[in-house]
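# Breakdown of the fold
The lines below spell out each chain.
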Amino acid sequence: MLENNMPKHVAVIMDGNGRWAKKKNLPRVMGHNAGMQAMKRIVIASSQMGIKYLTVYAFSTENWKRSSEEVGGIFNLLVKYVNSELKELNDNNVKVNSIGDYEMVPKSAKDKLEALIDSTKENDGLIFNIAINYGGRAEIVRGVNKLIAEGKVEITENDIANNLYTGNEIGNIPDPDLLIRTSGEQRISNFLLWQCAYSEFVFTDVLWPDMDKSEFIRLIDIYKNRNRRYGGRS
Ligand code: IPE
Ligand code: IPE
Ligand code: MG
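No experiment lies behind these values; they were computed from the predicted model shown. (Residues numbered from 1 in each chain as written. Chains lettered and ligands numbered in written order. Predicted model: local features only at pLDDT ≥ 70, side-chain atom pairs only at ≥ 80, totals over all residues. Heavy atoms only, no water.)

### Let's talk about the overall build of the protein chain
For clarity, the threshold we go by: Note on conventions: DSSP H or I runs of at least 4 residues are helices, E runs of at least 2 residues are strands, and numbering of each starts at the N terminus. Radius of gyration here is computed from C-alpha atoms only, and the compact-globule reference equals 2.2 Å multiplied by the residue count raised to the power 0.38. Exposure classes here rest on a 1.4 Å probe applied to the protein chains alone. A residue is buried below 20% of its type maximum, exposed above 50%, and partly exposed in between. Contacts were defined at the residue level, with two residues in contact if any of their heavy atoms lie within 4.5 Å. For every accessible area listed, the method is Shrake-Rupley and the probe measures 1.4 Å; residues are considered covered only by the protein chains on display. Charge convention: Lys and Arg are scored as positive, Asp and Glu as negative, and His as well as the terminal groups of each chain are ignored. By convention, charge coordinates are those of NZ in Lys, CZ in Arg, CG in Asp, or CD in Glu.
Counting its regular elements, the protein chain contains eight helices and six strands. Ordered by position in the sequence, the α and β elements of the protein chain form the string β-α-α-β-α-α-β-α-β-α-α-β-β-α. Whereas a compact globule of 234 residues would reach a radius of gyration of roughly 17 Å, the protein chain reaches 17 Å, a difference of no more than 12%. Dimensions of the protein chain, computed from C-alpha atoms along their principal axes, come out at roughly 55 × 40 × 35 Å. Expressed as a percentage of the 234 residues in the protein chain, the buried residues total 49%. Partitioning the intrachain contacts of the protein chain with sequence separation of at least 6 by distance along the chain shows that 76% fall at a separation of at least 24. A total accessible area of about 11800 Å² is found for the protein chain, and carbon and sulfur atoms account for 48% of it. A distance of 4 Å separates the average location of the 31 positive side-chain charges in the protein chain from that of its 30 negative side-chain charges.

Right under this line is the structure:
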């Protein structure tokens with residue numbers, strides 16, 4: 001049951017995997033592995049808490065700047081998690097979607113993810129969006145180009161919103177109520193630029209691999225005490 005003030009849509013910038021690994025003298029990819037486990041914990045927690053939409057930033061259009069070893073490692077982990085543990089999502093009635101540009105994603109990762117999306121498409125619990133090769137600016141440009149291709153000469157805010165990855169294609173996901181970023185960084189890094197126009201931002205110093213349900217609940221509680229005004233008066 002959805003209690004009062006619960007955010008309907010939570011977006012998360014899962015940051016700090018590399019620093020977590022460094023602190024433990026482990027290779028960066030081990031940080032990404034621990035980050036996948038944290039992602040799974042937070043998906044299950046969100047589902048139990050009655051959150052309707054969870055959108056996580058897994059790989060940005062800028063993350064290609066990293067070494068091919070790290071990028072390859074991240075995609076291998078994605079395949080591994082989709083194959084094994086994420087299957088549990090089905091048992092939890094979670095519906096998986098993906099946002100971002102798929103063309104550059106390695107085929108193995110793409111195929112596995114598409115299979116997962118297909119196998120969970122009838123589920124009607126938590127809607128879990130994974131942003132992969134996602135960039136907010138690229139998303140807006142793509143949407144505008146789609147409108148140009150349709151021959152539109154004048155466009156509205158609704159036209160743009162409908163043509164984002166979060167628009168018609170995956171059933172119009174409402175804008176995030178809450179945006180969380182871990183690891184102490186306080187920036188948006190090209191995530192959901194259009195959709196976060198009126199989102200509440202909550203930051204934590206916790207590194208993403210250390211994220212657990214109690215910290216997640218603490219962050220949600222901070223959100224619940226915010227006073228959202230949307231430019232009006234309280
Ligand atoms: C977030 O952790 C995961 C991705 C960006 C893929 P980072 O890898 O950015 O971790 P830090 O910021 O270097 O600690
Ligand atoms: C944002 O984290 C992207 C993801 C979490 C996937 P980054 O670590 O890439 O962002 P910057 O470079 O610190 O802005
Ligand atoms: Mg980072």
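### Here's the deal with the sheet that holds strand E1 (residues 9-13)
The cut-off we apply is this: A pair of strands is treated as paired once DSSP finds two or more bridges between them. Every angle, taken between N-to-C directions, lies between 0 and 180 degrees, and every axis is a line fitted to C-alpha atoms, over only the stretch in contact when it is a helix.
Reading across from one edge, E3-E4-E2-E1-E5-E6 is the order of the six strands in this open sheet, with parallel pairing throughout. Each of the sheet's edge strands pairs with one partner strand only, and the pair in question is strand E3 (95-99) and strand E6 (200-203). Taken pair by pair, the neighbouring strands of this sheet meet at an average axis angle of 20°, ignoring direction. Sheet topology note: the E3/strand E4 (residues 127-134) ladder contains five bridges and is parallel.

### Quick notes on the nonpolar core
For soluble globular proteins, nonpolar side chains are generally found buried alongside one another. To keep it simple, the criterion reads: Among the buried residues, those of types Ala, Val, Leu, Ile, Met, Phe, Trp, Tyr and Cys that are joined through side-chain atoms within 4.5 Å form a nonpolar core.
Of all hydrophobic cores here, the largest spans 44 residues; its most connected members are Val10, Leu54, Phe128, Ile132 and Phe216. The set of elements that each furnish at least two residues to this core consists of E1, helix H2 (28-49), strand E2 (53-60), helix H3 (68-83), helix H5 (107-119), E4, strand E5 (178-181) and helix H8 (213-224). In terms of residues, this core owes the most to one element, H3, which gives eight residues. In contact with Val10, not counting residues within four places along its chain, are Ile51, Tyr53, Leu54, Thr55, Leu178, Ile180, Phe216 and Ile220. The next biggest cluster of nonpolar side chains, apart from the first, holds eleven residues, and it includes Ile13, Tyr57, Phe191 and Leu192.

### Considerations on the site of ligand 2
Where we set the bar: The criterion for a residue being near a molecule or strand is simple. One of its heavy atoms has to lie within 4 Å of it. Distance and chemistry together define a polar contact, namely a pair of N or O atoms within 3.5 Å, with one atom able to donate a hydrogen and the other to accept it when in protein, and with adjacent residues in sequence counting only for side-chain atoms on both sides. Cavities and pockets were defined on a 1 Å grid built from protein atoms only: a cavity is a group of points that admits a 1.4 Å probe but offers it no way out, a pocket is an open group of points flanked by protein on both sides within 12 Å along at least five of seven lines, and a lining residue is one with an atom within 4 Å of any such point. Throughout, a molecule is located in a cavity or pocket provided that more than half of its atoms lie within 2 Å of its grid points. When residues are sorted by character, Ala, Val, Leu, Ile, Met, Phe, Trp, Tyr, Cys and Pro go into the nonpolar class, Asp, Glu, Lys and Arg into the charged class, and all the rest, Gly among them, into the polar class.
Around ligand 2, the neighbouring residues are Ile13, Met14, Asp15, Tyr57, Ala58, Phe59, Ser60, Asn63, Arg66, Arg181, Arg187 and Ser189. Measuring from an oxygen atom of ligand 2, one finds a side-chain N or O atom of Asn63 at 2.9 Å. Note that an oxygen atom of ligand 2 is positioned 2.6 Å from one of the side-chain N or O atoms of Ser189. In isolation ligand 2 exposes 390 Å². Once the protein is present, 77% of that is buried. Here ligand 2 occupies the largest pocket. When residues in the shell around ligand 2 are grouped by element, the largest group, four residues, is from E2. Partitioning the shell around ligand 2 into residue classes produces five nonpolar, three polar and four charged.

### Looking at the site of ligand 1
Around ligand 1 there are 13 residues in total, and Asp15, Gly18, Arg19, Arg28 and Arg66 lie nearest to it. Here an oxygen atom of ligand 1 sits 2.9 Å away from a polar atom, N or O, in the main chain of Gly18. Mapping ligand 1 onto the cavity grids shows that it belongs to the largest pocket. Of all elements in the fold, only helix H1 (17-23), H2 and H3 reach the threshold of two or more residues within the shell around ligand 1. The greatest single-element share of the shell around ligand 1, amounting to three residues, is contributed by H1. Classifying every residue of the shell around ligand 1 gives three nonpolar, five polar and five charged.

### With respect to the pairing of E3
We count it as follows: Clockwise travel from the first strand over the helix to the second, with the strands pointing away from the viewer, marks a crossover as right-handed.
Burial of E3 is extensive: four of the five residues sit out of reach of the surface. This β-α-β element, E3 to H5 to E4, shows left-handed connectivity.

### Observations regarding the packing of aromatic side chains
Test applied: Pairing of aromatic rings covers Phe, Tyr and Trp, the last through its six-membered ring, and needs centres within 6.5 Å; plane angles under 30 degrees mean stacked, over 60 mean edge-to-face, and all others mean tilted.
Summed over all chains, the structure comprises nine aromatic pairs. Where Tyr134 meets Phe191, the ring centres are 5.8 Å apart and the plane angle is 90°; that geometry is what we call edge-to-face. Of the two residues, Tyr134 is situated in strand E4 and Phe191 in the loop between E5 and E6; the sequence distance between them amounts to 57 residues. Residue classification places Tyr134 among the buried residues on the basis of a relative accessible area of 0%. According to the relative accessible area criterion, Phe191 is buried, its value standing at 0%. Through pairs of rings, three or more aromatic residues link up here, namely Tyr57, Tyr134, Tyr165 and Phe191.

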